[in-house]
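Given next are the chains, with one letter for each unit.
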Amino acid sequence: MPKLILASTSPYRRELLGRLGLPFETARPEVDEAPQPGEPPAALARRLAAAKARAVAARHPEDWVIGSDQVADLDGRPLGKPGDHARAVAQLRAAAGREVRFHTGLCLLRGTDDEVQHHLDLTVVRFRPLDVDEIERYLRTERPYDCAGSFKCEGLGITLFEAIESRDPTALIGLPLIALAGMLRRAGFAVP
């Protein structure tokens, strides 16, 4: 029986996939995540999700592999993971009072056959106006330096928003479970 492998070491994606109740493993997908010249954020998210799945499938050709990647975009420019406090402050100041689009690419494939399923989810987050003190308090409390857009919507980050527009609330965390459950059912998995 083929295994299910999540091509990610993200604790957020691992927790989300665990909600489906299927046994799975994780594997680090050694992939260069740099955008190609002129590559739009949505195309980058889709390409990286597929590249991550293919990288792991090359090592596990008999198994089903899930790849996912998320790219935040402000005015058509990708916002990466801030990595540190100063960059997080800059990201949240730029996003304050504005819309940020989150493109979440998803790919499910098996290395031994040509069956590849793709999905691209769009979540639009409208940030409320934020002053520097609010940004500092939030960042010191939650330290979301490993999250695109510098927030954790599953935590206190939700207080930074006026609205979220999405077909799937799990997409903003990094793994769109509604689409993934459909993909897994088409691949023969019993969900639920």
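What comes next concerns the included structure. (Residues numbered from 1 in each chain as written. Predicted model: local features only at pLDDT ≥ 70, side-chain atom pairs only at ≥ 80, totals over all residues. Heavy atoms only, no water.)

A few words now on helix α1 (residues 11-18). Among the residues of α1, Y12, R13, L16 and L17 are the ones counted as buried. Axial view of α1: buried residues confined to an arc of 130°, hence all on one face. In this structure, the buried side of α1 is in contact with β1 (4-6), β3 (64-74) and α5 (177-186). Sitting at the head of α1, S10 places a side-chain oxygen 3.2 Å from the backbone nitrogen of Y12. (Buried < 20%, exposed > 50% of the residue type's maximum accessible area, 1.4 Å probe, protein only. Helix = DSSP H or I, 4+ residues; strand = E, 2+ residues; numbered from the N terminus. Arc of directions from axis to C-beta. Contact = heavy atoms within 4.5 Å. Polar contact = N/O pair within 3.5 Å; in protein donor to acceptor, adjacent residues only side chain to side chain.)

Right, let's get into the environment of L92. Mapped onto the secondary structure, L92 falls in helix α3 (residues 85-95). On the accessibility criterion, L92 (0% relative accessible area) is buried. Each C-alpha atom of the pair L92 and G149 lies 7.2 Å from the other, and the pair is 57 residues apart in sequence. With sequence-adjacent residues up to four places away left out, L92 is seen in contact with F127, L130, I135, Y138, L139, G149, S150 and L160.

Attention shifts here to helix α4 (residues 132-142). Taken residue by residue, α4 has E134, I135, Y138, L139 and E142 as its buried positions. All buried residues of α4 fall inside an arc of 125° around its axis, so they share one side. Pointing more than 90 degrees away from the buried face of α4 are the exposed residues D133, R137, R140 and T141. Those residues of α4 that are buried lie in contact with α3. Taken from the residues just after α4, R143 is the one with a positive phi, measuring 50°.

Attention now goes to the side chain of S150. Among the secondary structure elements, S150 is positioned in the loop between α4 and β7 (161-165). The exposure class assigned to S150 is buried, which follows from its relative accessible area of 0%. Residue contacts for S150: discarding those within four places in its chain leaves P82, R87, A88, Q91, L92, Y138, L139 and P144.

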